[in-house]
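# Geometric and topological summary
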Amino acid sequence: MTTTTDGVFERQDDFESTGDPIHRTRKTAMWVWLGSEAFFFGAMISTFLLYRHATNGGPGAEIFNIPFTSASSFVLLMSSLTMVLADHAFQRSDQRQGRIWLIGTALLGLTFIAGQIFEFSEFVHEGLKISTSPFGSSFYMLTGFHGLHVAGGVLMLTMLIAFSLRGRLSSDHGMNVELVALYWHFVDIVWIVIFTVVYLLQI
Amino acid sequence: MTMTASNEDLGYTPSTKGLWSWITTIDHKRIGILYAVSSLVFFIVGGLEALLIRTQLATPNGTVLSADAYNQLFTMHGLTMVFAVVMPIAAAFQNYFVPLMVGARDVAFPRLNAFAYWLFLMSVILLTSSFFLGGSPDGAWTGYAPLSTEIQEYVRMDYYSIGAQLLGIASLASSVNFVATIFTMRAPGMTLMRVPVFVCMTVVTSFLLIFSLPVIGVGLWQIFFDRNFGALFYEAQAAGDPLLWQHLFWIFGHPEVYVLILPAMGIVSEILPVFSRKPLFGYSFVVFSGIAIGFLGFGVWAHHMFTAGMGPVAEAGFGLATMLIAIPTGVKIFNWIGTMWGGRITFATPMLFSIGFIAMFVIGGLSGVTHAIIPADTQQHDSYYVVAHFHYVLFGGAVFGYVAAAYYWFPKWTGKMLSETIGKWHFWLMFAGFNLTFAPQHILGLDGMPRRTYRYGEGMGWDVWNMMSTIGSYLIAISFLFFIWNVIVSYRKGKVAGNDPWDGRTLEWTTTSPPPVHNFDQIPVVHHLDDFWYRKYGVDEEGRSVKLPPELVPPPDVVVEEHGIHMPSPSFYPIVSAIGIAILGAGLVFISSGPIGIAILAVGAVIALWGLVGWAAEPVTRGGH
């Protein structure tokens, strides 16, 4: 609470405020940055839609293995659940349980990445490379950058786990569970869009 | 507990001497100064590039430059001026003054702020080093595919794709920072409709960058993948579509031109009221027209592509949207004129440059509207008419605005006034030189002289106009020598400024010149737009506002902070991260050259990871508590 000489004065809020002001500032920044990320993926999805039939004589959308990618999509979605549980545990100050859920989230993320590597190697085997066609270029760029975002998320989760083990997970650090959770959910949501537009619709 | 802050209250005593203190600084004011100095240095680089271009074109069949050198120079001139001069000078003023104007102690994320600066600097160094290491980008700042993707023997356009990419990341970091600062860290009572217009334009600019940079980011990666990994995004023979690049580029490129001009418009909206001694005419109109320009700026990109063959419906739509932008822009111009109307105007140097801004921007704006008329644009496309147009808005507009800001805010930066005499020489030389350089280019363009060609034949009737233009460009260069001279002389023995030399209206004038590390001993509470002015002025019996004697000026209401002032500690992780990412970028530039590229990339990745992990693990404040 901040007070002024002429009485009690509350800092005015343009945004929903929870707790400490630095927290609010960090969350605002994270939302804004995710807005930017949405445009990044939007531009790549647009490129893919433009080139979905530009197969240049190589394989097209028939190459996708829908059951396999459905399974790995399910894994990624479940990681959002574990992330929520981790966030909740840390809000209750239950560091031990929070760590377990963080580890679970990171492992699910790694499983998804492993699935993507397997999928890519299968596709290359079947003749779809980045240099095969505009379809291939835009497919690998879109899903590859998404995979890199998941990998970045796993790196942040690993750091959170390490900080928590050393008892340094406090609001003094710029990186905290709530922000990483926001990022992680965003990356998940982007995958839902990619999975729908690229794999399922095949328009 | 009330306290007057001294350094002991800050939890640490920041060293302000020596190179190390600059390298590790996270003070928004010092970062602002770093941006300003870098911008001035690169302005000299970009200016020399321009002088070489103009020297080559002074006479028909110029022999100063080869076609190859010319291509590199005009490309680098564009990239330097946009990314290394105008954007950072805007960032300099935003960094220094946004926290001061909103009554904050620093930006939201001081280390991110330092990172953005260092990454900007390293990226520009990477881009400029291309002159010596493999050749500079030579496909224009627009980098149109397939020109940018097909010639893969040289790394030139790799410098372009990676350099611009990294600069984008730097701008993105600083934009997110400004939005968070302005939305969540304003002084109590400063509602969004009480912020200075400059702050408001910073928000609009930041959002433009936040939503446009990722789009060009995708395009730049596509060029990079086409060049280095055999991707086929822009390979027409494989049904890739080079037109996609034009769309991605201009979805960024058009908002980008507003990114360059809107902060200058904000600055002019600050300066005109001070030197007209009147409030800004129609504050809310100026604010909302700025926001309208921001929104419309995303809907007009294809007016750069009227000759690309998009079809009449798309062309008509984009033509109309482009004309629509003239409305909020016109609103601003009339508000500025309305601010001056009936005011007690003093023609100090900042005011002269601001008025110059308005006049030159009107000319540039009007020639811009002629581009919205599609048949006319088809004639003007790729001619010197376009060069004249965008120099009138970007030099006559933006640069005049930023120079006005330099004269206006230099006293706050240094505590010394810039010399008015030299300032007036600077203004009139620059004004004359600018018009002499770019006005003839309208005629050259309408007469058919194409841009981006390194020479022209005799007997085209272009000789006189080109010679005028070249003489003008040297006049501009001389005018900036006056500016540099002014800065050096005034910094050494200029008139002492005091806190409030111009009788200002905004919060930065309430603190000392230069401000202390923590900006304000006590955070003020704001009750009005132009709160400072309302405290300094009372109303006499006839309703006229009169200046109160200093002893009668009431002190501001202030926030009482219970825990004292905690300023964040210096950190060297931002610069480590930035150097790492820039080396990583250099590795990407040379990735096709085999193991050497991969080795550089690996070294960069390790350094970047060290910097980022160390940064995340480091507490915001050390010591103190």
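Residues numbered from 1 in each chain as written. Chains lettered and ligands numbered in written order. Predicted model: local features only at pLDDT ≥ 70, side-chain atom pairs only at ≥ 80, totals over all residues.

For the rest of this paragraph, the subject is the overall build of chain B. When helices and strands are counted, chain B shows 18 helices and three strands. Taken along its principal axes, the extent of the C-alpha atoms in chain B is 75 × 60 × 50 Å. Within chain B, buried positions represent 57% of all 625 residues. Of the contacts made within chain B by residues no fewer than 6 positions apart, 82% connect residues no fewer than 24 positions apart. (Helix = DSSP H or I, 4+ residues; strand = E, 2+ residues; numbered from the N terminus. Buried ≥ 20, exposed ≤ 12 C-beta atoms within 10 Å, placed from the backbone. Contact = placed C-beta atoms within 7 Å.)

The subject of this paragraph is the overall build of chain A. The helix and strand inventory of chain A stands at five helices and two strands. For chain A, the α and β elements follow one another from N to C terminus as β-β-α-α-α-α-α. Here chain A holds 203 residues, and the buried ones make up 35% of them. Put simply, of all contacts in chain A between residues at least 6 apart along the chain, 77% involve residues at least 24 apart.

Residue and element names in this part refer to chain A. At a minimum axis separation of 11 Å, helix 1 (residues 21-50) and helix 5 (residues 177-201) run at an interaxial angle of 20 degrees. Overall, the two elements helix 1 and helix 5 adopt an arrangement that is roughly parallel. Considering the relative orientation of helix 1 and helix 5, their crossing is right-handed. Counting all contacts with helix 1, which are made through Arg26, Met30, Leu34, Glu37, Phe41, Ile45 and Phe48, the residues of helix 5 involved are Leu179, Leu182, Tyr183, Phe186, Val190, Val193, Ile194, Val197 and Val198. For the contact of helix 1 with helix 5, the residue count by class is 14 nonpolar, no polar and two charged. (Axes fitted to C-alpha atoms, helices over the stretch in contact; angles between N-to-C directions. Parallel < 35°, antiparallel > 145°, perpendicular 65-115°, else oblique. Left-handed = near helix turned anticlockwise from the far one by under 90°. Nonpolar A, V, L, I, M, F, W, Y, C, P; charged D, E, K, R; others polar.)

What follows deals with the interface of chain A and chain B. At the interface, 40 residues of chain A touch 42 residues of chain B. Ranked by residues supplied to the side of chain A that touches chain B, first place goes to helix 1 of chain A with 16 residues.

Here the focus is the environment of Leu128(A). Residue and element names in this part refer to chain A. Structurally, Leu128 is set in the loop between helix 3 (95-125) and helix 4 (134-165). For Leu128, a count of 21 C-beta atoms within 10 Å translates into the label buried. As for Leu128 and Thr55, which are separated by 73 residues in sequence, their C-alpha atoms are 9.3 Å apart. Ignoring anything within four residues of it in the chain, the contact list for Leu128 reads Gly58, Pro59, Ile63, Phe123 and Gly136.

Residues lying three or four places apart along an α-helix face the same way, a consequence of the helix completing one turn every 3.6 residues. The end-to-end C-alpha distance of helix 11 (residues 349-372) of chain B is 35 Å, a good match for the 34 Å that 24 residues give at a rise of 1.5 Å each. Across the 24 residues that make up helix 11 of chain B, a large majority, 17, are buried. (Expected span 1.5 Å × (residues − 1).)

Predicted coordinates in regions of low pLDDT should not be interpreted in detail. Residues and elements named next belong to chain A. The predicted model of chain A has a mean per-residue pLDDT of 87, with 86% of residues at 70 or higher. Helix 3 holds the highest mean pLDDT among the elements of chain A, 95, whereas strand 2 (residues 7-8) holds the lowest, 34. Under a pLDDT of 50 for its full length, residues 1-18 has, in the predicted model, 30 contacts with residues more than four places off or in other chains. (pLDDT = per-residue confidence, 0-100.)

Residues and elements named next belong to chain B. In this fold, Ile345 is placed in the loop between helix 10 (312-340) and helix 11. Using a count of 16 C-beta atoms within 10 Å as the deciding quantity, one classes Ile345 as partly exposed. Considered as a pair, Ile345 and Val274 are 71 residues apart in the sequence and their alpha carbons are 8.8 Å apart. Each residue touching Ile345, except ones within four places of it in the same chain, is listed here: Phe275, Ser276, Met340 and Met351.

Before going further, it helps to spend a moment on the nonpolar core. Membership of the largest hydrophobic core comes to 246 residues, with the highest contact counts inside it found for Val86(B), Val102(B), Leu119(B), Val268(B) and Ala404(B). Here Ala404(B) is in contact with Ile267(B), Val268(B), Ile271(B), Pro350(B), Phe353(B), Ser354(B) and Phe357(B), once residues within four sequence places are set aside. (Core = buried A, V, L, I, M, F, W, Y, C linked by C-beta atoms within 7 Å.)

Excluding glycine, residues mostly carry a negative phi; peptide bonds, for their part, are mostly trans. Residues and elements named next belong to chain B. Backbone torsion omega between Ala145 and Pro146 reads 0 degrees, so that peptide bond is classified as cis. If you trace the backbone, Pro146 turns up in the loop between helix 4 (110-129) and helix 5 (147-150). For the bond from Ser513 to Pro514, the omega torsion is -10 degrees, close enough to zero to count as cis. Along the chain, Pro514 falls in the loop between helix 15 (463-493) and helix 16 (531-536).

On to helix 3 (residues 67-101) of chain B, then. All names here are of chain B. Taking 1.5 Å as the rise per residue, helix 3 with 35 residues should run 51 Å; its terminal C-alpha atoms sit 48 Å apart, in good agreement. Summarising burial for helix 3: 31 of the 35 residues are buried, a large majority. A positive phi of about 70 degrees marks Gly103, the residue just after helix 3.

The packing of two helices is summarised by the inter-axis angle and the distance between the axes. All names here are of chain B. Taken N-terminus to C-terminus, the directions of helix 11 and helix 13 (residues 384-414) make an angle of 160 degrees; their axes are 8 Å apart at the nearest point. Here helix 13 runs roughly antiparallel to helix 11, going by the angle between their axes. Judged by the sense of rotation from one axis to the other, the crossing of helix 11 with helix 13 is left-handed. For the contact of helix 11 with helix 13, the residue count by class is 14 nonpolar, twelve polar and no charged.

Moving on, we come to the environment of Asp503(B). Residue and element names in this part refer to chain B. In this fold, Asp503 is placed in the loop between helix 15 and helix 16. The partly exposed category is assigned to Asp503, around which 15 C-beta atoms lie within 10 Å. Sequence spacing of Asp503 and Val399 is 104 residues, and the spatial spacing of their C-alpha atoms is 24 Å.

This part covers the confidence of the model for chain B. Residues and elements named next belong to chain B. The share of residues in chain B with pLDDT of 70 or more is 96%, and the mean pLDDT across the chain is 92. Contacts for the low-pLDDT stretch residues 1-9, under 50 throughout, to residues beyond four places or in other chains number twelve contacts. Here the predicted complex scores 0.93 on pTM and 0.92 on ipTM.

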